[in-house]
Protein chains: 2
Amino acid sequence: MGLGDHSVTTSPSGGRPLKPATIRDVASRAAVSVASVSRVLNGAGPVALETRDRVMEAVRELSYVPHSGARSLSMRRTDTVGVILPDLHGEFFSELIRGLDRAARERGLHLLVSSSHDDEAEVEAALGSMRGRVDGIIIMSPHLDPASVAGGMARSVPVVALSGDGGRGDVAGIGIDNAGGARAMTAHLVEGGARRVAHIRGPSGHSEAEARMAGYAAAVAEAGQPPMVETGDFTQASGYRAMHALLERRARPDAVFAANDTMAIGALLAIREAGLRLPEDIALGGFDDVPMAALLRPALTTMRISIAELGERALARLAGAIQSRRAAAPADPEVEIVRPLLVVRQSTFNHRQGEGQSPASFSQERQDA
Amino acid sequence: MGLGDHSVTTSPSGGRPLKPATIRDVASRAAVSVASVSRVLNGAGPVALETRDRVMEAVRELSYVPHSGARSLSMRRTDTVGVILPDLHGEFFSELIRGLDRAARERGLHLLVSSSHDDEAEVEAALGSMRGRVDGIIIMSPHLDPASVAGGMARSVPVVALSGDGGRGDVAGIGIDNAGGARAMTAHLVEGGARRVAHIRGPSGHSEAEARMAGYAAAVAEAGQPPMVETGDFTQASGYRAMHALLERRARPDAVFAANDTMAIGALLAIREAGLRLPEDIALGGFDDVPMAALLRPALTTMRISIAELGERALARLAGAIQSRRAAAPADPEVEIVRPLLVVRQSTFNHRQGEGQSPASFSQERQDA
DNA sequence: CGGGTCGATGTAATCGGTTACATGCCATGC
DNA sequence: GCATGGCATGTAACCGATTACATCGACCCG
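A brief structural summary. No experiment lies behind these values; they were computed from the predicted model shown.

1. Some words on the overall build of chain A
Okay, so step 1: Within chain A, the regular secondary structure consists of 12 helices and 13 strands.
Okay, so step 2: Out of the 369 residues belonging to chain A, those deemed buried represent 51%.
Okay, so step 3: Long-range contacts, defined here as pairs at least 24 residues apart, represent 67% of the contacts in chain A between residues at least 6 apart.

Written out as structure tokens, the structure is:
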């Protein structure tokens, strides 16, 4: 039961040790105590130069790598953040993770990802299984109330909600200003001379769809126009169908704002099929600025959201909350809002060069595909 | 120092406990030992009915959730797999994670994701920091040799390499049959009547690009055609430029195989600009079957890889390796190959209905967008 | 009635680190 | 010459679970 009877092979590449070396193996090989090894490795506390060298050599010889799990337990910190996401696709998902990963790596944090959650039970389960694995959680769940879902967990670790409208309730959150963006797009269409701006909205109950709808409604009301709305479900086919329906109305719209780019593409196909010209007969605006938007002809005017940046901000926010919890300071449950950027391309009138800004300080960018 | 002096509040929702309850809190509250609590919670070992009830009640009252980190340490298993990925984008990334996540959840595993690694040093660092956090690792790194990079880690946990051509070396791997796919596509173009099939390849040194190039070269050689090659870098702009170069050649190609769909789209724009018709003047084939491929007009013929399935298979493979390592059985370092599927759409000749299969048992599918 | 079996439970070692505290030593100051 | 202080180091108690082993009755059988 002494310290010396560990069975780790000496040579680094010769016999491959079945079990990796532990700190005690290193200690006994360097003929020092585990405390000294720990001090050397973490650069904490005073160590004699010669001791340091002996330890480093033993580390090299045994190719010792500290066991992060054990460290987490004794340090009461995992340096890991949990990420709980709904069923996301394509560019949105990859950009979000890219932003999270970048920000995490900067801070020496890891990402425990659990995606494709749609109902509340799954989210609860995911949250539960993260206890003791993470120092904080980033959660996105469009159909649910993030505050309630995160309530239990939020008492033990900080939670940041990522949502269409900012997390209501008492958890911190990052949200997209969907209403403001929709309003800016609608105003852009009105300013371009459209007399009847229609909206192809997303499914009712979906918080982002509702917010964009609200922004549209406010802007047309302000312009003294009657609202014209068709409902889609964010797919291309639904955008196509909705546009068809709009074209059959007695008073045809001369501009359409689709609640996302994918539906806008469907609408574009329907407009083309009807033999109408873009943007002369009908102007078209989308939302999201997916990569395809710039590749269409005419290239699509849209509201750009930098998803990667959204991820970075969320992680920065969470990292801050973890810090302040360590300092026993209560984290502020404030909700931070990211504003989309209006990107004007050929699907709307880009005559009127260099004129006035869009309202509400929404910045704007012209682009030629 | 007794068992009873823990300071956790009694009521579940009243005073919020700063520190979550531990198994000892539960034990003392239920007036049993920690062993019994553990037995109840894990359903292992015999427990009296009444004891079980008391424990469950205490668990509820304290809203106790086991600390997975601590459990990992004593069980020597983390139920987590590490995923190390290069800088991936869009659909490929999200589908891969989707497949991994689905397969992981089925098995009660978690995903520790670290993405955007490009050079070897970063990968090494990521691997090191995963020691003690994961039971196994899935690694994808196109420019590097997965075997060497994973060599050190592979001694302590199983590693599965995800790569363009299957991991050489002594680690298990899953690969895509890029060469075979490229060959099938080229053969499809030849069979459609093309006399001069050109190839827009990916960057040299990139293993997938090389494999697809090799498949193309073999197929044109077999058909007795001279190779015509331009090099791109997998971006749309490079596909556009490469196609331009091909069109300026004295002997213009009558079919083009682009090494991925993104470059094929660039090529498509160039062909259109030159006033040529697809597929009559020039037939065009891609690789990957990105969602946009079916939406183009003409819709793009391409080789489909089910990325999500690739992820699922990789995880299944790793899970198997983890199992067998627990049973002290050596895992086989075999490389599993996934074959892409030829999806024929309008950008190539889809006359010749219902004729012979493509060579080498590559399955085929016709589709109308 | 003694010994053996089985079921229910508790005690304490263990996983691999960190770290508060104790110890030993040497140099300094008075 | 002795108290003092600071550096270098070691010992052992955690972190929060699991689990091998010991214990203790109750019950059955010869």
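From this point, the narrative continues.
2. Side note on the interface of chain A and chain B
Okay, so step 1: With 52 residues of chain A at the contact, the number on the chain B side is 52 residues.
Okay, so step 2: In total, chain A and chain B occlude about 4,500 Å² of area from one another, counting both sides; carbon and sulfur atoms represent 49% of this.
Okay, so step 3: Here chain A and chain B share four salt bridges between them.
Okay, so step 4: Among the ionic pairs, R98 of chain B bridges to D87 of chain A, the shortest N-O distance being 2.5 Å.
Okay, so step 5: Our count for the contact surface shared by chain A and chain B stands at 20 residue pairs in polar contact (both at pLDDT 80 or more).
Okay, so step 6: Put simply, the parts of the chain that give the side of chain A that touches chain B at least two residues each are α4 (68-75), α5 (90-106), β2 (110-114), α6 (120-128) and α11 (261-273) of chain A.
Okay, so step 7: It is α5 of chain A that provides the largest number of residues to the side of chain A that touches chain B, a total of nine residues.

3. Structural notes on the protein's contact with DNA strand D
Okay, so step 1: Around DNA strand D sit 28 residues, and of these S33 and T51 of chain A together with I23, S38 and H67 of chain B come closest.
Okay, so step 2: Taking the atoms of DNA strand D that fall within 4 Å of the protein, sugar and phosphate contribute 64% of them.
Okay, so step 3: In this structure, I23 of chain B approaches DNA strand D through a main-chain N or O atom, which is 2.4 Å from a phosphate oxygen.
Okay, so step 4: R71 of chain B is positioned with one of its side-chain polar atoms (N or O) 3.0 Å from a phosphate oxygen of DNA strand D.
Okay, so step 5: Breaking the surface near DNA strand D down by element, the ones donating at least two residues are α2 (34-42) and α4 of chain A together with α1 (23-30), α2 (34-42) and α4 (68-75) of chain B.
Okay, so step 6: Looking at side-chain class alone, the surface near DNA strand D contains 15 nonpolar, nine polar and four charged residues.

4. Notes on the pattern of salt bridges
All names here are of chain A.
Okay, so step 1: Within the structure shown, the criterion is met by 41 salt bridges over all chains.
Okay, so step 2: The salt bridge partner of R345 is D289, with a shortest N-O separation of 3.1 Å. Remark: D289 occurs in the loop between β9 (283-285) and β10 (302-304) and R345 occurs in the loop between β12 (341-344) and β13 (364-366); sequence separation between them is 56 residues.
Okay, so step 3: We classify R345 as buried; its relative accessible area is 1%.
Okay, so step 4: Of the residues examined, D289 reaches a relative accessible area of 16% and is grouped as buried.

5. Considering the sheet that holds strand β7 (residues 228-231) of chain A
Consider a sheet: its strands pair through backbone hydrogen bonds, and that pairing is either parallel or antiparallel.
Residues and elements named next belong to chain A.
Okay, so step 1: The four strands are arranged β7-β6-β8-β9 in an open sheet whose pairing can be described as parallel. One side of each edge strand has no neighbouring strand; the edge strands of this open sheet are β7 and β9. Neighbour-to-neighbour, the strand axes of the sheet open up by a mean angle of 20°, direction not taken into account.
Okay, so step 2: Two strands pair when backbone bridges link them, and strand β6 (residues 197-201) and strand β8 (residues 255-258) are joined in this way by four bridges, in the parallel orientation. Residue pairing across strands places V197 opposite A255, the latter belonging to β8.
Okay, so step 3: In this fold helix α8 (residues 178-191) packs onto β6, β8 and β9, with an angle of close to 165° to the strand it touches most, β8.
Okay, so step 4: Contacting β6, β8 and β9, α11 crosses the sheet at an angle of about 165° to β9.

6. As for a positive patch on the surface
Okay, so step 1: On the surface, R272 and R297 of chain A together with R272 and R297 of chain B cluster together to form a positively charged patch.
Okay, so step 2: Mapped onto the elements, R272 of chain A comes out in helix α11.
Okay, so step 3: Owing to a relative accessible area of 36%, R272 of chain A belongs among the partly exposed residues under this scheme.

7. Some words on the nonpolar core
Okay, so step 1: Counting 142 residues, the largest nonpolar core has M243 of chain A together with M243 of chain B as its most contacted members.
Okay, so step 2: Setting aside its immediate chain neighbours within four residues, M243 of chain A contacts I200, V256, A267, A270, I271 and I282 of chain A.
Okay, so step 3: Judged by nonpolar contacts, the second largest core, of 24 residues, contains V134 and A161 of chain A together with M130 and I139 of chain B.

8. What about the relation of the copies chain A and chain B?
Okay, so step 1: With an RMSD of 0.3 Å, the operation that places chain A on chain B is a rotation of 180° combined with a shift of 0.2 Å along the axis. This pairing of chains is accounted for by a two-fold axis.
Okay, so step 2: A share of 98% of interface residues in chain A that are also interface residues in chain B marks the association as one of identical surfaces.

9. Re the pairing of β2 of chain A
The side chains of a regular strand alternate between both faces of the sheet.
Okay, so step 1: Most of β2 of chain A is tucked away, with five of its five residues classed as buried.
Okay, so step 2: Burial of β2 of chain A is two-sided: the residues H110, L112 and S114 of chain A facing one way and the residues L111 and V113 of chain A facing the other way are all buried.
Okay, so step 3: Note that strand β1 (residues 80-84) of chain A and β2 of chain A share five bridges and pair parallel. For T80 of chain A, the partnering residue across the bridge sits in β2 of chain A and is H110 of chain A.
Okay, so step 4: For the crossover from β1 of chain A across α5 of chain A to β2 of chain A, the handedness is right-handed.
Okay, so step 5: Inspection of the sheet shows β2 of chain A paired to strand β2 (residues 110-114) of chain B by three bridges, in the antiparallel sense. Looking at the pairing, L112 of chain A lines up with L112 of chain B of β2 of chain B.

10. Looking at the sheet that holds strand β9 (residues 283-285) of chain B
All names here are of chain B.
Okay, so step 1: In space, the four strands of this open sheet follow the order β7-β6-β8-β9, with parallel pairing throughout. Strands with a single pairing partner mark the edges of an open sheet, and in this sheet they are β7 (228-231) and β9. Ignoring which end each strand starts from, the neighbouring axes of this sheet average 20° apart.
Okay, so step 2: Docked against the sheet, helix α9 (residues 207-222) engages β6 (197-201), β7 and β8 (255-258), running at close to 170° with respect to β6.
Okay, so step 3: Against the sheet, helix α11 (residues 261-273) touches β6, β8 and β9, its axis set at about 165° to β9.

11. Looking at the protein's contact with DNA strand C
Okay, so step 1: Near DNA strand C lie 27 residues; those nearest to it are I23, S38 and S74 of chain A together with S33 and T51 of chain B.
Okay, so step 2: Counting only atoms of DNA strand C within 4 Å of the protein, the fraction found in sugar and phosphate groups is 61%.
Okay, so step 3: Interatomic distance of 3.4 Å between a backbone N/O atom of S74 of chain B and a base oxygen of DNA strand C.
Okay, so step 4: Residue assignment for the surface near DNA strand C shows that the elements contributing at least two residues are α1 (23-30), α2 and α4 of chain A together with α2 and α4 of chain B.

12. Description of α11 of chain A
All names here are of chain A.
Okay, so step 1: Taking 1.5 Å as the rise per residue, α11 with 13 residues should run 18 Å; its terminal C-alpha atoms sit 18 Å apart, in good agreement.
Okay, so step 2: Of all 13 residues in α11, 10 are buried; the element is thus mostly enclosed.
Okay, so step 3: Among all positions in α11, only D261, M263, A264, I265, G266, A267, L268, L269, A270 and I271 are buried.

13. Points about the packing of α2 of chain B against helix α3 (residues 49-62) of chain B
Residue and element names in this part refer to chain B.
Okay, so step 1: Viewed as axis vectors pointing N to C, α2 and α3 meet at an angle of 85°, and their least axial separation amounts to 10 Å. Judged by the angle between their axes, α2 and α3 are roughly perpendicular. Where α2 abuts α3, its residues V37, V40 and L41 lie against R52, V55, M56 and V59.
Okay, so step 2: Split into classes, the residues belonging to the contact of α2 with α3 amount to six nonpolar, no polar and one charged.

Cut-offs applied
- Chains are numbered independently. Their residues run from 1 in the order of the written sequence.
- Note on labels: chains are lettered from A, ligands numbered from 1, in written order.
- Local features in a predicted model are, by the rule used here, given only for residues with pLDDT of at least 70; side-chain atom pairs are given and counted only at 80 or more, and totals for whole chains, interfaces and linings are based on all residues.
- The side-chain numbers reported here are obtained from all heavy atoms of the structure, hydrogens and water having been left aside.
- Strands are runs of DSSP state E lasting at least 2 residues, helices are runs of H or I lasting at least 4, and numbering of each runs from the N terminus.
- Under the scheme applied here, a residue whose accessible area is under 20% of the maximum for its type counts as buried, over 50% as exposed, and between as partly exposed, the area being computed with a 1.4 Å probe on protein chains only.
- The contact criterion used throughout is that any non-hydrogen atoms of two residues lie within 4.5 Å.
- By buried area we mean how much accessible surface two parts lose on assembly, using a 1.4 Å probe and totalling the loss over both.
- Only one rule defines a salt bridge in this text: a Lys or Arg side-chain nitrogen within 4 Å of an Asp or Glu carboxyl oxygen.
- Any pair of N or O atoms that falls within 3.5 Å is considered a polar contact. Within protein, one atom must be able to donate a hydrogen and the other to accept it, and sequence-neighbouring residues count only if both atoms are side-chain atoms.
- Throughout, near means a residue has at least one heavy atom within 4 Å of the molecule or strand.
- Any residue outside Ala, Val, Leu, Ile, Met, Phe, Trp, Tyr, Cys, Pro, Asp, Glu, Lys and Arg is labelled polar, Gly included; the first ten of those are nonpolar and the last four are charged.
- Strands pair, by our definition, only if DSSP identifies at least two bridges between them.
- Throughout, an axis means a line fitted to C-alpha atoms (over the contacting stretch in the case of helices), and angles, computed between N-to-C directions, take values from 0 to 180 degrees.
- Within this analysis, patches are made of residues with over 30% relative accessible area and no salt bridge. Like charges are joined at 9 Å or less; nonpolar side chains (Val, Leu, Ile, Met, Phe, Trp, Tyr) at 5 Å or less.
- Computed with a 1.4 Å probe, the accessible areas rest on the Shrake-Rupley method; for each residue, only the protein chains presented here act as cover.
- The sign given to each residue is positive for Lys and Arg and negative for Asp and Glu; His and the chain ends receive no count.
- Charge placement uses NZ in Lys and CZ in Arg. For Asp and Glu, CG and CD serve respectively.
- Nonpolar cores were defined as sets of buried Ala, Val, Leu, Ile, Met, Phe, Trp, Tyr and Cys residues, with membership established by side-chain atoms within 4.5 Å.
- The copies were overlaid by least squares, fitting only the C-alpha atoms of residues that reach a pLDDT of 70 or more in each copy.
- The path from the first strand over the helix to the second decides the hand: if it runs clockwise while the strands point away from the viewer, the crossover is right-handed.
- Helices are assigned an expected span. That span is 1.5 Å times one less than the residue count.
- Any angle between 65 and 115 degrees counts as roughly perpendicular, while under 35 counts as roughly parallel, over 145 as roughly antiparallel, and the rest as oblique.

So yeah, pure geometry; function would need other evidence.
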